[in-house]
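Survey of secondary and tertiary structure
Below, each chain spelled out in residue letters.
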Amino acid sequence: MDLEKYLDIEAVIENATYSDQVNLDTVKLMMEADVVTIRGTSVEVKEIEVTSEGRVRFHGNRREV
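Residues numbered from 1 in each chain as written. Predicted model: local features only at pLDDT ≥ 70, side-chain atom pairs only at ≥ 80, totals over all residues. Heavy atoms only, no water.

A closer look at the overall build of the chain
The cut-off we apply is this: Counting from the N terminus, the helices are the DSSP runs of H or I reaching at least four residues and the strands are the DSSP runs of E reaching at least two. Radius of gyration: C-alpha atoms only; globule rule: 2.2 Å multiplied by the number of residues to the exponent 0.38. Relative accessibility thresholds used throughout: buried, under 20% of the residue-type maximum; exposed, over 50%; partly exposed, between the two (1.4 Å probe, protein chains only). Should any heavy atoms of two residues lie within 4.5 Å, those residues are considered in contact. Calculation of accessible area relied on Shrake-Rupley with a 1.4 Å probe; when residues are assessed, cover is drawn exclusively from the protein chains displayed.
Looking only at helices and strands, the chain features one helix and five strands. Along its sequence from the N terminus, the chain presents helices and strands in the succession β-β-α-β-β-β. In terms of C-alpha radius of gyration, the chain reaches 12 Å, essentially the compact-globule figure of 11 Å for 65 residues. With respect to the three principal axes, the spread of C-alpha positions in the chain is 40 × 25 × 20 Å. Counting all 65 residues of the chain, 31% fall into the buried class. Across the chain, the fraction of contacts at a sequence separation of at least 24, relative to all contacts at a separation of at least 6, is 30%. For the chain, the accessible area works out to roughly 4,600 Å², and carbon and sulfur atoms hold 43% of it.

Structure (structure tokens):
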């Protein structure tokens, strides 16, 4: 039985959203990063939003890495 906690994450760039699920340890690392990559799309993080449903959204500009 897998007891690892997974969270929904999103990169929000202008009107586009890129979503995935990652484990809690990865979310903790991402919360400290200047640039995060979700499903091959990198975003230079300007704001981090956490919804009442527990979804973590990284708002910012697309970044080529």
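Now, onward.
Observations concerning the sheet that holds strand β4 (residues 41–50)
Note the following rule: A strand pair is defined by DSSP finding two or more bridges across the two strands. As a rule, the C-alpha atoms of each element are fitted with a line to give its axis, helices using only the stretch in contact, and angles between N-to-C directions run from 0 to 180 degrees.
Pairing is mixed in the open sheet, where five strands are placed in the order β2-β1-β5-β4-β3. This sheet does not close on itself; its edge strands, each paired only once, are β2 (16–23) and β3 (35–38). Strand-to-strand twist of the sheet, defined as the mean angle between neighbouring strand axes without regard to direction, takes the value 45 degrees. Pairing of strand β1 (residues 6–13) with strand β5 (residues 56–62) involves four bridges; the strand directions are parallel. Each bridged residue has a counterpart across the sheet, and for Val12 the counterpart in β5 is His59.

Things to note about a nonpolar patch on the surface
Stated precisely, the cut-off is as follows: Within this analysis, patches are made of residues with over 30% relative accessible area and no salt bridge. Like charges are joined at 9 Å or less; nonpolar side chains (Val, Leu, Ile, Met, Phe, Trp, Tyr) at 5 Å or less. Here, a salt bridge means any side-chain nitrogen of Lys or Arg that lies within 4 Å of a carboxyl oxygen of Asp or Glu.
On the surface, a cluster of nonpolar side chains totalling about 230 Å² of accessible area is made up of Met31, Ile48 and Val50. Looking at where Ile48 falls in the secondary structure, it is placed in strand β4. The class for Ile48 is partly exposed, based on a relative accessible area of 36%.

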